[in-house]
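Results of the structural survey
Listed here are the chains, written in short residue letters.
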Amino acid sequence: MLDRAVLEDLLAEVRLAPSVHNIQPTRWRLLGNDALLLLEDVTRRLPAADPSGHDVRLSHGAAIEGLSLALGRRGLKLAEVEPLIDAAASDGVLPVARITIAAGREPDGLADFVSARTSWRGGFRPLDQAGEAALYMFSAMVGDVQLVRGAEAIDAIARLADEAGFHFLCDDAHRAELLHWMRLSRSDPSYERDGLSAEAMAMPGVVAFGTRFVLGPLFPLLRRLGLAATLASERGKFANSAVALFHRPEGEDPLTTGRAFYRAWLMLTAQRLAACPVSVLADWPASNRQLVDRHSVPPGRRLVNVFRLGLPAGSPPGGKARLPVAELIV
Ligand SMILES: Cc1cc2nc3c(=O)[nH]c(=O)nc-3n(C[C@H](O)[C@H](O)[C@H](O)COP(=O)(O)O)c2cc1C
């Protein structure tokens, strides 16, 4: 069933899955013709933004779901995902899970939306009737989301997102790490490989140019002058948007959470909605608690992430920055 050529073919689709900061931490090793090892490139962790490794593990989960969808298109399926608890890293990679493949599965309709899904960081146009119907369908189909609507509630979340974002930006290590993964100019050799390109972040060139100073050496001064928070504000991006609170069972392995997260994103893509996670809202305990309380996230569920979503006011950015498939096989 599996050989190097088949694996390369599968990974061309799997690598389109989302990953935090587009670090693409997932690596693969063939273990025979029906098994694979999923490994983590430990040089790509985010010690400042993701000290527990939760988002990296969630990203692996999204890659596993991507593999499941790619296999389904080829009459194959994931038979088992066995997390490896006590494995040790060697040569810069850490075994995360052993995956067994089997023959026979009906293709999953969501596989058709893998190449169209994207992080939409531009603005939104007002929701028309079709947009309202799409939102309704999305929230009806995905049991893991709580939809928030209404200009006042959305603006309150936008202000909370600014507060949460600023809280993290004030941490020097966090800002340095974010800048490290930003690809602010096409002359960056990694522009098409990984990280957050100016185009993907919907930043005009001049803003991208200024960002390296605002988040870099100028930040302490701008903060003292009271300007940093205003410059970093993303409040305007919530105009015309809805918000989806994505929640999953407390205590769930992020490998499983990541699979559901990717499926939810593909489902909204299937409804022609565009979205972007606003992780800071879930990551900052103060904003997480407020959202859970205000919007009645069900007991026993954990607020994992928050999507800003709606009808995009423009076209998605062109090609995606991704590592070559050959580099994903170790
Ligand atoms: C766990 C996780 C958290 C993320 N958080 C954010 C976020 O807070 N803000 C953001 O703009 N994108 C966020 N993203 C989206 C990634 O940056 C995006 O998936 C990556 O850059 C690849 O781009 P693509 O989604 O367009 O394929 C997150 C993705 C994952 C998997």
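Residues numbered from 1 in each chain as written. Predicted model: local features only at pLDDT ≥ 70, side-chain atom pairs only at ≥ 80, totals over all residues. Heavy atoms only, no water.

1. Quick look at the nonpolar core
In a soluble, globular protein the nonpolar side chains are often hidden away together inside. Counting residues in hydrophobic clusters, the biggest one holds 31 residues, and the most contacted among them are Phe138, Phe246, Leu268, Leu273, Phe307 and Leu309. Among the elements of the structure, helix 2 (54-72), helix 3 (129-141), strand 9 (242-249), helix 9 (254-270) and strand 11 (301-312) are those that each provide at least two residues to this core. By residue number, the principal contributor to this core is helix 9, which donates 8 residues. Other than its neighbours up to four places away in sequence, Leu273 contacts Gly131, Ala134, Leu135, Phe138, Leu268, Leu309, Gly310 and Leu311. Of all hydrophobic cores here, the second largest spans 24 residues; its members include Trp28, Ala97, Ile99 and Val325. (Core = buried A, V, L, I, M, F, W, Y, C linked by side-chain atoms within 4.5 Å. Buried < 20%, exposed > 50% of the residue type's maximum accessible area, 1.4 Å probe, protein only. Helix = DSSP H or I, 4+ residues; strand = E, 2+ residues; numbered from the N terminus. Contact = heavy atoms within 4.5 Å.)

2. Details of the packing of aromatic side chains
Within this structure, the stated rule accounts for 6 aromatic pairs. The interplanar angle of 65° and the centroid separation of 5.5 Å between the aromatic rings of Trp265 and Phe307 together place this pair among those described as edge-to-face. Of this pair, Trp265 sits in helix 9 while Phe307 sits in strand 11, and the two are 42 residues apart along the sequence. Three or more aromatic residues link up through ring pairs in this structure, and these residues are Phe246, Phe261, Trp265 and Phe307. Note that Arg117 overlies the ring of Trp265, its terminal NZ or CZ placed 4.4 Å from the centroid. The ring centre of Phe238 lies 4.9 Å from the NZ or CZ of Arg308, which sits over that ring. (Phe/Tyr/Trp six-rings, centres within 6.5 Å; stacked < 30°, edge-to-face > 60°. Lys NZ or Arg CZ within 6 Å of the ring centre and 35° of its normal.)

3. Brief notes about the domain arrangement of the protein
One can read the domain layout of the protein as domain 1 (4-114) and domain 2 (124-312). Across the contact, 33 residues belong to domain 1 and 26 residues belong to domain 2. Here domain 1 and domain 2 share 5 salt bridges between them. Across the salt bridge formed by Asp194 and Arg44, the nearest N and O atoms sit 2.9 Å from each other. At the boundary of domain 1 and domain 2, one finds 10 residue pairs in polar contact (both at pLDDT 80 or more). (Domains from an automatic or database assignment. Salt bridge = Lys/Arg side-chain N within 4 Å of Asp/Glu carboxyl O. Polar contact = N/O pair within 3.5 Å; in protein donor to acceptor, adjacent residues only side chain to side chain.)

4. Side note on the site of the ligand
The full set close to the ligand counts 22 residues, and Ser119, Arg121, Ser279, Lys320 and Arg322 are the nearest of them. The backbone of Ser19 places a nitrogen or oxygen atom 3.4 Å from an oxygen atom of the ligand. Contributions of two or more residues to the shell around the ligand are made by helix 2, helix 9 and strand 10 (274-277). Of the residues forming the shell around the ligand, the biggest block, 3 residues, is contributed by helix 2. Its residues assigned to classes, the shell around the ligand comprises 9 nonpolar, 8 polar and 5 charged. The residues that make up the shell around the ligand include at least three from each of domain 1 (4-114) and domain 2 (124-312). (Near = heavy atom within 4 Å. Nonpolar A, V, L, I, M, F, W, Y, C, P; charged D, E, K, R; others polar.)

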